[in-house]
Structure formats: C-alpha cells, structure tokens
Amino acid sequence: MSDIRDISLAEAGERKIKWAQRNMPLLSAITQELVKTKPFRGTIIALSIHMEAKTACLCRALALGGAEMHVTGCNPLSTQDDVAAALALGGDDGAGAIDVHAYHAATPEEYARHLTAVLESGAQIIIDDGGDLVNLLHTRLTHLLPDVIGGCEETTTGVMRLRAMERDGALRFPMIAVNNAKCKYLFDNRYGTGQSVWDGINRTTNLIVAGKNVVVAGYGWCGKGIAMRAKGFGARVIITEIDPVRALEAMMDGFDVMTMERAAAQGDIFVTATGCRGVIDSRHFNSLKDGAILCNAGHFDVEVAMDELEAAAASKYEARHNIAGYRLKNGREIFVIAEGRLVNLASGDGHPAEIMDMSFAIQALSAKYLIENRDKLKTGVVDVPEEIDTDVARRKLSASGLMIDTLTPEQRAYLEGWGAQ
Ligand code: NAD
Ligand code: SAH
C-alpha cells in the first residue's frame, strides 16, 4: 500500500503530469510502443528518482509496458506530494494506481523506510538515481539480491559509485549507465542543469544575477551549463576546478579560473556541481562576503559542508522560504538555499520536460534492453548501446521538425577508406 502525504492532492498532481506529458513527445511515442509489446509483462520494477511530474510519466510508461511498479523519490526534498498522490491514485491513461512510497521532507529514517519498501516488493529491475537502492541491496538487504535481474543508473555520481563497486568486485548484477549516454549527459547535465539551477535560484531568492560574481565549482557537464547560463544573465563567472584540462577549458571559454580560497572572497552566488564533498567548508566560511549565497547542484548535500557551517555559525534563521541565514562570528551573514541539497530540484521543479523526455526515453529503452538481453549482460557497469543513443537523437530531431543529411555511398566509402584523396 502506498505511503504518501495526502491523496486529496491528486488532482493538482495530475495537472502537472499532463502538462509534462504533452511536452514529452519521445516518451509518449515510446509508451505507445510499450503498450503494444508489453516487454515488462510480469516484471517488478523498483524506481527511485525525484518524485515529480516527469518521473511520474516514466513510471506510467513502464507500467503501461506491463511492469508492476513500486516507486519512491531519490531525495527527501524533491518529492512533490501532489504528484505522488496522483501516481498513487492513478489517472485516465490506463496505467492504473502505482505503489508510491514518498513524501516531501521525509526524515532520514522515513526516507530509508521508503527505499526499503520498494525493494521488498521483490524488485527485479532497479532504476536508481544516485545509487541509494543499489547500496541498500548490497548492504542491508542482500537477501533480496537473488531476484534482481539488473538495473539502470540515472546520474554521474551513481555511475561513479557503480564503477567503484565493480572495481572492488562488489557489484552483483548488470547496471546500465544511463547517465553516460550522449543523449543524457550532453543535454540533461549541461542544458537541463544550466537552466533549472538558475530557475531554482531565481525563484527562491528573487534577486538579480546580472552584475554579480557567480562562482561555479566544477566545470564538468553540469558546471558548464550553469556557467554558460550565468554568463547569459550578465554575471561575471569564476570557475574552480581540480582537473587541469577542465580548468583550461573554462579559461578558453572565457571564464576566470582560481582556487576556492580566492574565489570565496569574491563571490556573490556560489553553485557547487562537483559530486565531491567539502568543496566549500570551514576553510572558506570566514572569507565569504556579507550576503553571499551558497547552493549546490551536485549529488547529495555534502558539497557545502553544512555540518561545519552549523558549527561555525553564531546563529541561524529562516531568511525566506527555503533560504537559511547564518550569522557568522565575524558579524557577516551568509545564506544557503535548500539546505545545500540540489537547488534545481529541492527549490524548483528540476529539469524542463523536454530534457527529461530525452533522459527518460533512454531510461525506458535501456530497461527494455535489459529485460530483453537479461541472459547476455555481464555483471558490472554496462554502457547504453549506441543504437539507443542514436535512436533517441533521431526521435528528438524528428520531434523538433529537423532533418539532417545522409552520406552518399561515395562519401561513406571516402570516410571509411584510407587511400582516396
Ligand atoms: P562531471 O564529472 O562531468 O563534472 C564534475 C567536475 O567537478 C569535474 O570536472 C571534476 O574535476 C570537478 N571536481 C571534482 N571535485 C572537485 C572539487 N573538490 N573542486 C572543484 N572541482 C571539482 O560530473 P557532472 O555530470 O557535471 O555531475 C556533477 C554532479 O552533479 C554529480 O554529482 C551528478 O550526479 C550531479 N548531477 C546533478 C544534476 C541536477 O539535476 N542537479 C544533473 C546531473 C548531474
Ligand atoms: N540522490 C541524488 C540524486 C542526484 S540527482 C541527490 O539527491 O543528490 C541528479 C539527477 O536528477 C540528474 O542526473 C537528472 O537526470 C535528474 N533530474 C533532474 N531534473 C529532474 C526532474 N525534473 N525529474 C526527474 N529527474 C530529474
């Protein structure tokens, strides 16, 4: 039985789902195909992805493809209770009621209970975002491992953890690295995060970005998007990095590059997007300007060392909805959005529907690939097949009304040969 906050919110949630759905043409078309072929018939799927409208569309697509779905969020602050209610109640698209275990601001114990509940359904396919389900299966719930066929991982940090498990011989089933598909990270991590992070910051702070010094920690796919959009808003953008090549890329893209120690004294708004911990910590707090705003876009709430900040502050207050003000002992005030959790999801609606359309098209097709190739896949991290990536790119071009050229036989021979001029 579902464990949600309030079923009476379902109508509002259903409106959000319908809005997302009409802006997700790829997933809608794939859903129609899944309805016909029912590749997941009789398969139990446990899913842990941000419980909001676009994820609801993925859940229903898989359910319509024949799966028995048991779903939860992947971050206690990104769950939207109205969407959870709509999924639990069921809409008019034939997907039926889905077993949902999630509510906004769940305590760590409640969040763990929700993850456990979806796994205890006897899950055969695991759809994870950040590795929480996989981690539980390999630690506290190992007795459930025999049922598991494999799974898919949505995000960079999750894939890094899977690779670490694979390296140590710990991973016990195939996990498809959805994040590493080109049609995922090139668009979701870059343009999705680029837009939704600023949506989250802007709607929460209601301050101007133009003219401010924005510090972006990490110039990976997310950092590139966040920096690009900050520049578009008229900010002066500073990048901090640990990777010399990426630091050079940032320099050539026209950004200032420096250490966090130096940047700390200059920034007005800080956004971390590294997947690392303690990127802004007690080495930096006392250098921050009065009024500096800190937020995070990377996995988990450890990029800004919140525990160290709590300890360093003389006092704390709610400055505005979802913004905590910290009075430091040096008399300055600094502000943290959404408790240092993913600002775009804990303080916004996450990536736009058109972006999640591509990411979830890959998720749905990868889950189908997994079930159809269950006897062939190796235990460990599995790449998304190139054909799925290309298929999603073609579908997206077509949905956008764009045509591209095709190689002539002569051109193909020229490109594939080695002697011709
Ligand atoms: P990435 O590997 O492409 O980039 C991370 C960058 O951070 C790298 O260039 C790395 O060198 C740098 N870095 C690592 N530690 C650092 C440190 N201490 N200081 C400065 N730079 C450091 O990864 P990505 O795809 O950009 O993802 C970044 C994080 O964001 C991951 O945790 C990922 O799971 C998460 N993510 C969040 C969203 C979202 O919606 N908010 C979307 C996609 C990914
Ligand atoms: N459990 C981790 C999850 C990392 S979230 C944490 O809470 O820190 C990063 C992932 O969220 C990205 O890979 C992206 O694909 C996904 N995401 C971004 N916007 C989303 C949205 N609107 N709906 C569902 N997932 C979204």
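Residues numbered from 1 in each chain as written. Chains lettered and ligands numbered in written order. Predicted model: local features only at pLDDT ≥ 70, side-chain atom pairs only at ≥ 80, totals over all residues. Heavy atoms only, no water.

### Some remarks on a nonpolar patch on the surface
Reasoning step 1: Residues Leu248, Met251, Met252 and Val257 make up a contiguous nonpolar surface patch of about 410 Å² in total accessible area.
Reasoning step 2: With three residues, the single largest contributor to the nonpolar patch is helix α10 (residues 244-252).
Reasoning step 3: The residue Met251 is located in helix α10 in this model.
Reasoning step 4: For Met251, a relative accessible area of 44% translates into the label partly exposed. (Patch = residues over 30% accessible without salt bridge, like charges linked within 9 Å, V, L, I, M, F, W, Y side chains within 5 Å. Areas by Shrake-Rupley, 256 points an atom, 1.4 Å probe, with all protein chains shown as cover. Salt bridge = Lys/Arg side-chain N within 4 Å of Asp/Glu carboxyl O. Helix = DSSP H or I, 4+ residues; strand = E, 2+ residues; numbered from the N terminus. Buried < 20%, exposed > 50% of the residue type's maximum accessible area, 1.4 Å probe, protein only.)

### Some points on empty space enclosed by the protein
Reasoning step 1: Per the stated rule, a full pass over the model turns up one cavity of 30 Å³ or more.
Reasoning step 2: Considered as a void within the structure, the largest cavity measures approximately 40 Å³ in volume.
Reasoning step 3: Along the walls of the largest cavity sit Thr72, Gly73, Asn75, Pro76, Thr79, His101, Ala102, Tyr103, Ala106, Tyr111 and His114, which together make up its complete lining.
Reasoning step 4: Looking at the lining of the largest cavity residue by residue, the classes come out as five nonpolar, six polar and no charged. (1 Å grid on protein atoms, 1.4 Å probe; cavity = no way out; pocket = protein on both sides within 12 Å on 5 of 7 lines; lining within 4 Å. Points joined across faces, edges and corners; volume = space filled by probe spheres on them. Nonpolar A, V, L, I, M, F, W, Y, C, P; charged D, E, K, R; others polar.)

### Regarding the site of ligand 2
Reasoning step 1: Around ligand 2 sit 21 residues, and of these Asn75, Glu154, Lys184, Asp188 and Phe300 come closest.
Reasoning step 2: Within the side chain of Thr155, an N or O atom sits 3.0 Å from an oxygen atom of ligand 2.
Reasoning step 3: Asp188 is positioned such that a nitrogen or oxygen atom in its side chain is 2.6 Å from an oxygen atom of ligand 2.
Reasoning step 4: In isolation ligand 2 exposes 580 Å². Once the protein is present, 96% of that is buried.
Reasoning step 5: Of all elements in the fold, only α3 (53-64), α8 (182-205) and α14 (353-372) reach the threshold of two or more residues within the shell around ligand 2.
Reasoning step 6: Considering only residue class, the shell around ligand 2 consists of seven nonpolar, seven polar and seven charged. (Near = heavy atom within 4 Å. Polar contact = N/O pair within 3.5 Å; in protein donor to acceptor, adjacent residues only side chain to side chain.)

### Details of the pattern of salt bridges
Reasoning step 1: Scanning the entire structure with this criterion turns up 26 salt bridges.
Reasoning step 2: Lys18 is the partner of Glu14 in a salt bridge, and the nearest nitrogen-oxygen pair spans 3.0 Å. On the criterion of helical spacing, the pair formed by Glu14 and Lys18 is a turn pair, its members being four residues apart in helix α1 (residues 10-22).
Reasoning step 3: Residue classification places Lys18 among the partly exposed positions, given a relative accessible area of 34%.

### Regarding the pairing of strand β7 (residues 213-217)
Reasoning step 1: The buried fraction of β7 amounts to five of the five residues, a majority that puts the element mostly inside the structure.
Reasoning step 2: Residues of β7 alternate between two faces, with Asn213, Val215 and Ala217 on one and Val214 and Val216 on the opposite face, all of them buried.
Reasoning step 3: For β7 and strand β8 (residues 236-240), the ladder comprises five bridges, and the chain directions are parallel. Bridge assignment links Val215 to a residue of β8, and that residue is Ile238. (Pairing = 2+ DSSP bridges.)

### Some details on the packing of helix α2 (residues 25-37) against α14
Reasoning step 1: Two numbers describe how α2 lies on α14: the axes approach to 8 Å, and their chain directions differ by 25°. Considering their axes alone, α2 and α14 lie roughly parallel with respect to each other. Between α2 and α14, the contacting residues are Pro25, Leu26, Leu27, Ile30 and Leu34 on the first element and Asp357, Met358, Phe360, Ala361, Ala364, Leu365 and Lys368 on the second.
Reasoning step 2: Its residues placed into classes, the contact of α2 with α14 shows 10 nonpolar, no polar and two charged. (Axes fitted to C-alpha atoms, helices over the stretch in contact; angles between N-to-C directions. Parallel < 35°, antiparallel > 145°, perpendicular 65-115°, else oblique. Contact = heavy atoms within 4.5 Å.)

### Concerning the layout of surface pockets
Reasoning step 1: Estimated volume of the second largest pocket: approximately 500 Å³.
Reasoning step 2: Lining the second largest pocket are 27 residues; nearest its centre among them are Leu77, His321, Asn322, Ala338 and Ala346.
Reasoning step 3: Of the residues forming the lining of the second largest pocket, the biggest block, four residues, is contributed by strand β12 (residues 313-320).
Reasoning step 4: Of the residues that constitute the lining of the second largest pocket, the class distribution is 11 nonpolar, nine polar and seven charged.

### Looking at the sheet that holds strand β9 (residues 256-257)
Reasoning step 1: Taking strand neighbours across the sheet as the criterion, the eight strands line up as β9-β8-β7-β10-β11-β14-β13-β12 in an open arrangement whose pairing is mixed. Taken across any chain shown, the strands that pair with only one partner, and hence form the sheet edges, are β9 and β12.
Reasoning step 2: Strand contacts of α8: β7, β10 (269-272), β11 (293-296), β12, β13 (323-328) and β14 (333-337), with the helix running at about 140° to β10, the strand carrying the most contacts.

### Looking at the site of ligand 1
Reasoning step 1: Residues in contact with ligand 1 amount to 28 residues; listed here are only the nearest, Thr155, Thr156, Thr157, Glu241 and Ala297.
Reasoning step 2: Between ligand 1 and Thr156, the relevant distance is 2.7 Å, taken from an oxygen atom to a side-chain nitrogen or oxygen of the residue.
Reasoning step 3: When contributions to the shell around ligand 1 are tallied by element, the ones reaching two or more residues are α7 (156-167), α8, α9 (221-232) and α13 (343-346).
Reasoning step 4: No other element matches the three residues that α8 contributes to the shell around ligand 1.
Reasoning step 5: Taken together, the residues of the shell around ligand 1 sort by class into 10 nonpolar, 14 polar and four charged.

### Examining the packing of aromatic side chains
Reasoning step 1: For the structure on display, the rule yields five aromatic pairs.
Reasoning step 2: Positioned above the aromatic ring of Trp221 is the side chain of Lys224, whose terminal nitrogen or guanidinium carbon lies 5.2 Å from the ring centre.
Reasoning step 3: Sitting over the ring of Phe255, Lys231 keeps its end group 5.2 Å from the ring centre. (Phe/Tyr/Trp six-rings, centres within 6.5 Å; stacked < 30°, edge-to-face > 60°. Lys NZ or Arg CZ within 6 Å of the ring centre and 35° of its normal.)

### Digging into the sheet that holds strand β5 (residues 150-153)
Reasoning step 1: Strand order in the open sheet formed by seven strands is β3-β2-β1-β4-β5-β6-β15, with parallel pairing between adjacent strands. Every other strand in the sheet has two partners, leaving β3 (99-100) and β15 (380-382) as the edge strands with one partner each.
Reasoning step 2: Both strand β4 (residues 125-128) and β5 contribute to a ladder of four bridges, which runs parallel. Counterpart to Ile126 in the pairing with β5 is Gly151.
Reasoning step 3: Sheet strands in contact with α3 are β1 (44-48), β2 (68-72) and β4, and its direction is about 175° off that of β1.

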